[in-house]
Amino acid sequence: MNATLDAKEWHDWSDSFIEQVTEQQNPLALAMHIITVGQLNFLLGDLNSAEAAFSKASNLKSTLLGYFSLAEYSFYRALLGLQSISAGPADLSDTADLIHTCGDDLEQWANQNPDNFAHKCKLVSAEQHRVSGDRLTALDFYDCAIATARSNQYLQDEALAN
């Protein structure tokens, strides 16, 4: 038995899941799933699909209070915004505000629980410095993000920072 899905099967399953949790009026499951879809698309380099998913998730953020998925939303949303800025000219005032808000949220969580959030905050800072052209400072933040993620066993974020 093959336990993997191809892209079409994944999209079909995801669409079916979204329909099901919408019918069941389960906004928490919907928000968590949409954030996972956004993360997957970001990691696969499909930034347009990631943006679409995170835009949908932004309307459901209030259902995530107290859940780790809210931090993942802020983390990936900030990284996605920074990718948008580095991609080229556009009206980025809303994007800059979003990055600032997400960065502030991550910083607050990192101050309260550095083991779970400091590496995420450092990686967003590294990307901010990279985008602004301050590559030496960015490298320091990348190194710190990698070391902190490694020491707290966030291997996926360590890999992302590399």
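That block above? That's the structure.
Per chain, residue numbering runs from 1 following the sequence as it is written. It should be noted that, the model being predicted, local features are given only for residues of pLDDT at least 70 and side-chain atom pairs only at 80 or more, the latter also being counted only at that level, while totals for whole chains, interfaces and linings use all residues. Water and hydrogen atoms were dropped before computing side-chain values, which therefore reflect all heavy atoms in the structure.

A pair of Phe, Tyr and Trp rings is counted when the ring centres sit within 6.5 Å of each other, with Trp represented by its six-membered ring. The angle between the planes then sorts it: under 30 degrees is stacked, over 60 is edge-to-face, the rest tilted. With the rule as written, the count across this model stands at 6 aromatic pairs. Aromatic side chains Phe42 and Tyr76 sit 5.5 Å apart centroid to centroid with 80 degrees between the ring planes, which places their arrangement in the edge-to-face category. Highlighted residues: Phe42 in helix 2 (residues 27–43) and Tyr76 in helix 4 (residues 68–87), separated in sequence by 34 residues. An identical accessibility class is assigned to Phe42 and Tyr76; each is buried. Each helix is a run of H or I in the DSSP string that is no shorter than four residues. Each strand is a run of E no shorter than two, and both are numbered from the N terminus. Under the scheme applied here, a residue whose accessible area is under 20% of the maximum for its type counts as buried, over 50% as exposed, and between as partly exposed, the area being computed with a 1.4 Å probe on protein chains only.

Turning our attention to the pattern of salt bridges. When a carboxyl oxygen of Asp or Glu lies within 4 Å of a side-chain nitrogen of Lys or Arg, that pair is called a salt bridge. Counted under the stated rule, the structure contains 5 salt bridges. Residues Lys120 and Asp157 are paired through a salt bridge, measuring 2.7 Å at the closest nitrogen-oxygen approach. Taken as a pair, Lys120 in helix 6 (residues 114–132) and Asp157 in helix 8 (residues 155–161) lie far apart in primary sequence, 37 residues in all. Residues Arg130 and Glu127 are paired through a salt bridge, measuring 2.9 Å at the closest nitrogen-oxygen approach. Of this pair, Arg130 and Glu127 both sit in helix 6, 3 residues apart, which is roughly one turn of that helix. Judged by relative accessible area, which is 9%, Glu127 ranks as buried. The structure contains a network of salt bridges with shared partners spanning Glu72, Lys120 and Asp157.

Pairs of cysteine sulfur atoms within 2.5 Å are what we label disulfides. Evaluation of the coordinates by the stated rule reveals 0 disulfides. Left unpaired, Cys102 is separated from the closest cysteine sulfur, that of Cys121, by 12 Å. You can see Cys144 has no disulfide; the closest cysteine sulfur is in Cys121, sitting 9.9 Å from it. Classification of Cys144 by relative accessible area gives partly exposed; the value is 31%.

A few words on the environment of Glu51. You can see Glu51 is positioned in helix 3 (residues 47–58). The sequence separation of Glu51 and Gln39 amounts to 12 residues, and the corresponding C-alpha distance is 9.8 Å. By definition in these notes, contact holds between two residues if any of their heavy atoms fall within 4.5 Å. Sequence-distant contacts of Glu51, that is, excluding residues within four places in its chain, are made with Arg77 and Leu80.

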